[in-house]
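Survey of secondary and tertiary structure
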Amino acid sequence: VQFPILRRLAVHGYDLYPGTSEKPDLDATFLPGVTLIVGANGLGKSTLILVLYRLLTGPSEVAGDTGTSVLGSGQLTLRPFRDQEPRMFARRVADQAVDALAEVEFSLGDRYVQVSRKLSTLQLSTLTVDGKAVDVSEAAFQALIVEAAGVGHFVDWLLILRYITFFFEDRRSLVWDPTAQRRILKLLFTPPTQEDRIGEFEKRILSTDSRARNTRATLAAEERKLEQQEKALSTLPVQQAELEELLATREDSERESEELRERSAALDAVRADVRLTLLRAREHRTSLANELESIRFQQIRDAFPTSSETAAYLLTQILAEDKCSACGTQVPDFRAALEERLAVGDCVVCGSHISEPGDGAGATSADLAELQERLEVAEGAEREATANRDVTEAELRQCWGRLAELDQVVRAAETRIRRLELNMPQASRSQARREAIRDLRRQNEEEIAGVLRDKDELDRLVQAVNLQIAEYQGRVRAAFDGYAEDFLLDTCSLVWGSNVEQVGLLGKGISFSVFQIDMSGATTDAEVTRRASDGVSESQREFIDLAFRMALIQVAGTEGVGSLIMDAPESSLDAVFAPRAASVLTGFATPGSESRVIITSNLVDGRLIPTIAEQANIDGPDDPRVVNLFEIATPTRALDQLRDLYMEALRRAFSPEERPSAQ
Amino acid sequence: VPSDDDLRAQLRALSIVSGFESTFLYPVPVEMVHACSYFCDALSPLWSIQPIDDIVLKTEGVPLSPALQVAIDWLVGHGLLVPSGVAYAKTARQTRLRADLTLNRALANRVLEAVEADEKLSRETSFVREVAAALAAMGPGAETRAVFHDANYQDPLAGMQSVLDLVPEEGRSSATQSVLRSFSALARTAMGSELSESELTALYTRHLQSLVAAQESP
């Protein structure tokens, strides 16, 4: 693998780094050895490191990498930036970095690459390889990097930058994260094709494993349902008996309803007849009564021409209907008396003889008697018709009442039948479920067998990879020991061990070879393998990881060279360890080597910068190996107000009196 | 003691005569009282009022209500109505009473004032009076023709000497209900909104009036 050798970084038109009137903008050349980026908090040290990183990655990220989590297992893919991510640098300045351009020059083996990007969007602006412009596209850039760095995919390049080259403030760990380590080791020490094959197997195992677990969950649910069904089948006879009873009730009710409907239709027709008969009888009786009234009325008018019409009307009613309209009483005797008086010409009120009898509109007593008789017959017919109507209607209403009752019965039975049928366990359903379960079991067995087969194959592939990496492990350990002993007082060495990862949840874990740390601590002389970074001090943790990265660059990198970019390393160092850290860093990038170490510092009151300055022969802030953001960056309010103090700190950091040799 | 049905019929007859008299039509022919009562029954579903007669025989003349005739006789007997021009007309089929009726105000007003004080009774009497006023507007003698323009009466499915249903029964509407439901729907479509019972009554009788007038015009 070719690690990048960073050679130059320039930022133009970006308000964060306006530069000076003599030297506008920012233009830093990274010479072999150490380069220091110095500045107070807020002057853009970390931003500058990030600019460098994003020039190398472009607007892409490892999918699923949240920036804080460990890398974990699963296949890694690339994802393009989304939403506001490409505007990370634009948001930092008022003009949205519309004219800002950043460029980086770096070597990858024998290739010399120059890349420039717009800081507003990270879009590629120019791309040259060995001085020749090439197609300006992310695809071309990524292809170029993959080919020149000797990695399988561009995502591998991102991993190298994130886990080896750049040491950001978040201190992403490599030696303490076995899943990240096995990826890095694999991509550093095995051919890309082998890595792809392992990735494919992992993907297939995870997919089949997930499917198998889903099938198993479905199977369990179906088995539970079957159990319930079979339990319910034991209550079947009771339910069947109820159902049969309900069906019989419904059938009987419907049959009776049908009969009743037929009966009511017949009765309705009869009622229509009897109603009509009644109305006609009534009309006939009324007509006859009126005819009789007409004669009677005429008789009264003849006998009493001067009587009021009301009196005549009332007397007529009595004579025709035996009824007194004044009081509503039936008065047959009074009618007979009236009739008698009228017949002989007596006064109907007092009985005195007053005149000859009238002819009653020419009607004889025989006529009257006949009319009376006809009227009585008509009244009898009306009474009969009324009785018929009443009987028919009573029967009809009884029919309707019973029909309504039966309707209720049928509806209630149907509701209960539906519910019973819905919940009625059926042997056929159980049988169908049993068959489905059998199919699911077979499917699940096949899936599990597939997972286990693939796992065996993956295990075989991984062991082959482990063997390949093992060829380098001795050299990595030796390189690590060299860096570690310069830094640590404890005995600390790498152990070539294994980490079992569970790829999917089924079957055995896969044993990936990884490096682990063996240390002796203050409490014991015996070396203890530290699989996690717990129990190790912050400075130890970081510099063990740094030593591991350096060892990997030394062993895996062509000619053992590379770049290390470390943001604010002194933040975790105490006074004793600072000079040792400086020795390790300058030792990695000696002036004779092509390797570069770029370190940012905010000039905390410590020993790191003076020691590095002395060991790397950096004379002062004007040295070309110092990027002095106090001059280049837009000053913060603190810098404006406390400039003298900051300048004194800067002077002291590079002062010969502060150097270890002068102490 | 008169039954509730008797009292309703008596009140119906009294309100009809009173209604006609308030439009200066008096004395009121007894046939007109029967015609008006028939319309009250026919329109009773609009007001949710029970009709006096549940079935009516469709005849050549105005349908006669026996219950109403008994009520008229009773009112005459008690002096609330005064008959005049009493006569009996004989046709080939039947003999009918012809008489004109006048309200005896001295007695009738006491009854009508008492009715006004009762919310339920006054609602029914105002409905009856509205129908009477609408018939009176058609002019003397128009009541018979109005009956024959009535949608119930002219129902082609019910021939002469057949029965007209005025009361709904188990599971089916009465003839009058069906007719009035159609009429209400038509009116709602035409007017664009739901009409009140008074508006529908006025609209229906106005419709009859226009039909009668159209028939009378040369």
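Small disclaimer: the values here were computed from a predicted structure and weren't measured. (Residues numbered from 1 in each chain as written. Chains lettered and ligands numbered in written order. Predicted model: local features only at pLDDT ≥ 70, side-chain atom pairs only at ≥ 80, totals over all residues. Heavy atoms only, no water.)

1. Here's the deal with helix 10 (residues 427-487) of chain A
Taking 1.5 Å per residue, 61 residues should reach 90 Å; helix 10 of chain A reaches only 77 Å between its end C-alpha atoms and comes up short. At Y472 of chain A, helix 10 of chain A shows its strongest bend, of approximately 40 degrees. (Helix = DSSP H or I, 4+ residues; strand = E, 2+ residues; numbered from the N terminus. Expected span 1.5 Å × (residues − 1). Bend = angle between axes of the 7 residues up to and from the residue.)

2. Structural notes on the sheet that holds strand 7 (residues 111-118) of chain A
Residues and elements named next belong to chain A. In space, the six strands of this open sheet follow the order 2-1-6-7-8-9, with antiparallel pairing throughout. Sheet topology places strand 2 (26-29) and strand 9 (132-133) at the edges, where each strand pairs with a single neighbour. With seven bridges connecting them, strand 1 (residues 5-12) and strand 6 (residues 101-108) associate as antiparallel partners. Within strand 6, the residue paired with V11 across the bridge is A102. The strands that helix 1 (residues 45-57) touches are strand 1, strand 2, strand 6 and strand 7; relative to strand 1, the one it contacts most, it runs at about 110 degrees. (Pairing = 2+ DSSP bridges. Contact = heavy atoms within 4.5 Å. Axes fitted to C-alpha atoms, helices over the stretch in contact; angles between N-to-C directions.)

3. Regarding the pairing of strand 2 of chain A
Residues and elements named next belong to chain A. The alternating pattern of strand 2 places L26 and A28 on a buried face, while none of D27 and T29, on the opposite face, is buried. As paired strands, strand 1 and strand 2 are joined by four bridges and run antiparallel to one another. The partner of V11 across the bridge, within strand 2, is L26. (Buried < 20%, exposed > 50% of the residue type's maximum accessible area, 1.4 Å probe, protein only.)

4. A look at helix 2 (residues 138-149) of chain A
Counted at 1.5 Å a residue, the expected span for helix 2 of chain A with its 12 residues is 16 Å, and the 16 Å between its end C-alpha atoms agrees. Turning to helix 2 of chain A, its buried residues number three or more, namely F141, Q142, L144, I145, V146, A148 and A149 of chain A.

5. Looking at empty space enclosed by the protein
All names here are of chain A. Per the stated rule, a full pass over the model turns up one cavity of 30 Å³ or more. Space inside the largest cavity adds up to approximately 50 Å³. Looking at the largest cavity, the residues that line it are R182, L185, K186, I198, V462, V465, N466, I469, F512 and S513. For the lining of the largest cavity, the secondary structure elements donating two or more residues are helix 4 (178-189), helix 10 and strand 12 (510-519). (1 Å grid on protein atoms, 1.4 Å probe; cavity = no way out; pocket = protein on both sides within 12 Å on 5 of 7 lines; lining within 4 Å. Points joined across faces, edges and corners; volume = space filled by probe spheres on them.)

6. Remarks on the packing of aromatic side chains
Following the criterion strictly, the structure yields 15 aromatic pairs over all chains and no others. On the basis of an interplanar angle of 65 degrees and a centroid distance of 6.2 Å, the ring pair of F297 of chain A and Y88 of chain B is categorised as edge-to-face. Of the two residues, F297 of chain A is situated in helix 6 (residues 236-303) and Y88 of chain B in strand 3 (residues 81-90); the pairing between them involves two chains. In this structure, F297 of chain A and Y88 of chain B share a single accessibility class: buried. (Phe/Tyr/Trp six-rings, centres within 6.5 Å; stacked < 30°, edge-to-face > 60°.)

7. Considerations on the sheet that holds strand 1 (residues 28-29) of chain B
If you trace the three strands from one edge of the open sheet to the other, you get 1-4-3 (chain B), paired in antiparallel fashion. Each having just a single partner strand, strand 1 and strand 3 of chain B make up the two edges of the open sheet. Where strand 3 of chain B meets strand 4 (residues 95-103) of chain B, eight bridges bridge the pair, whose relative direction is antiparallel. Across the sheet, L81 of chain B pairs through a bridge with L103 of chain B, a residue of strand 4 of chain B. Sheet strands touched by helix 7 (residues 309-321) of chain A: strand 3 and strand 4 of chain B. Its angle to strand 3 of chain B, the strand with the most contacts, is close to 60 degrees.

8. Focus: the environment of L546 of chain A
Residue and element names in this part refer to chain A. Locating L546 in the fold gives a position in helix 11 (residues 538-556). With relative accessibility at 1%, the residue L546 sits in the buried group. Spatially, the C-alpha atoms of L546 and Y483 are 8.9 Å apart, while their sequence positions differ by 63 residues. The residues contacting L546, other than those within four sequence positions of it, are F167, L564, M566 and L585.

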